[in-house]
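Next come the chains, spelled out residue by residue.
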Amino acid sequence: MIIVYLSLILVVAAVIGFFVSASRTARQMKGSLAKISRTSERLRRQTEKIVIEKNELTEKISNMQLDFFKKKEKVRKLSRQIQQTNYLVRDNLYKFMMFIKKEKA
């Protein structure tokens with residue numbers, strides 16, 4: 001009979017030990033879950049900041065490309081005007097030289 005009582009006490013001690021171990025593990029998991037939750041919230045905020053910064057950078061590069069295109073067109077227009085002016089100056093200089101030759105002759 002003593003063996004039965006000792007076995008019963010051993011089973012009760014094992015069950016109590018199981019519940020104590022389970023409660024400790026649950027408390028540790030609760031802390032870990034809270035840490036994981038805080039970490040995921042921090043990552044979400046960082047991701048939102050990155051998306052906002054990406055959108056700002058995309059807008060800035062689009063503005064820069066548009067500005068570059070406008071300036072490139074201004075330079076092309078100026079270059080054409082300089083070429084036309086150069087042509088007109090040469091033409092007028094040639095006409096002037098011809099006029100001077102006629103006057104000398």
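No experiment lies behind these values; they were computed from the predicted model shown.

**Student:** What's the story with the overall build of the protein chain in this structure? I'm lost.
**Tutor:** Broken down by element type, the protein chain carries one helix and zero strands. Its C-alpha radius of gyration of 45 Å places the protein chain more than 25% over the 13 Å reference for a compact globule of 105 residues. Structurally, the protein chain occupies a C-alpha span of about 150 × 20 × 10 Å along its principal axes. Taken over 105 residues, the protein chain has a buried fraction of 0%. Working note: accessible area of the protein chain is about 10,500 Å², and carbon and sulfur atoms make up 67% of it. Charge-centre separation for the protein chain: the mean point of 23 positive side chains lies 7 Å from the mean point of 9 negative side chains.

**Student:** Is there a simple way to think about the pattern of salt bridges in this case?
**Tutor:** Pairing between side chains becomes possible if they bear opposite charge and their charged atoms approach one another. For the structure on display, the rule yields six salt bridges. Taking the shortest distance from any N to any O, the salt bridge between Arg 44 and Glu 48 comes out at 2.4 Å. Highlighted residues: Arg 44 and Glu 48, both in helix H1 (residues 2-104), separated by four residues, approximately one helical turn. Arg 44 sits in the partly exposed class, given a relative accessible area of 38%. The exposure class assigned to Glu 48 is partly exposed, which follows from its relative accessible area of 41%. When salt bridges with common partners are traced through the structure, they connect Glu 41, Arg 44, Arg 45 and Glu 48 into a single cluster.

**Student:** Explain a nonpolar patch on the surface to me, please; I cannot follow it from the model alone.
**Tutor:** A contiguous nonpolar surface patch, about 510 Å² in accessible area, is contributed by Leu 93, Phe 96, Met 97, Phe 99 and Ile 100. For Phe 99, the location among the structural elements is in helix H1. Taking the relative accessible area as the measure of exposure, Phe 99 reaches 46% and is therefore partly exposed.

**Student:** Mind showing me how you'd approach the environment of Phe 69 here?
**Tutor:** Residue placement: Phe 69 occurs in helix H1. In this structure Phe 69 comes out as partly exposed when scored by relative accessible area, which is 45%. Between the C-alpha atoms of Phe 69 and Lys 102, which are 33 residues apart in sequence, the distance is 49 Å.

About the cut-offs
- Residues numbered from 1 in each chain as written.
- Predicted model: local features only at pLDDT ≥ 70, side-chain atom pairs only at ≥ 80, totals over all residues.
- Heavy atoms only, no water.
- Helix = DSSP H or I, 4+ residues; strand = E, 2+ residues; numbered from the N terminus.
- Rg over C-alpha atoms; globule rule 2.2 N^0.38 Å.
- Buried < 20%, exposed > 50% of the residue type's maximum accessible area, 1.4 Å probe, protein only.
- Areas by Shrake-Rupley, 256 points an atom, 1.4 Å probe, with all protein chains shown as cover.
- Lys, Arg positive; Asp, Glu negative; His and termini not counted.
- Charge placed at Lys NZ, Arg CZ, Asp CG, Glu CD.
- Salt bridge = Lys/Arg side-chain N within 4 Å of Asp/Glu carboxyl O.
- Patch = residues over 30% accessible without salt bridge, like charges linked within 9 Å, V, L, I, M, F, W, Y side chains within 5 Å.

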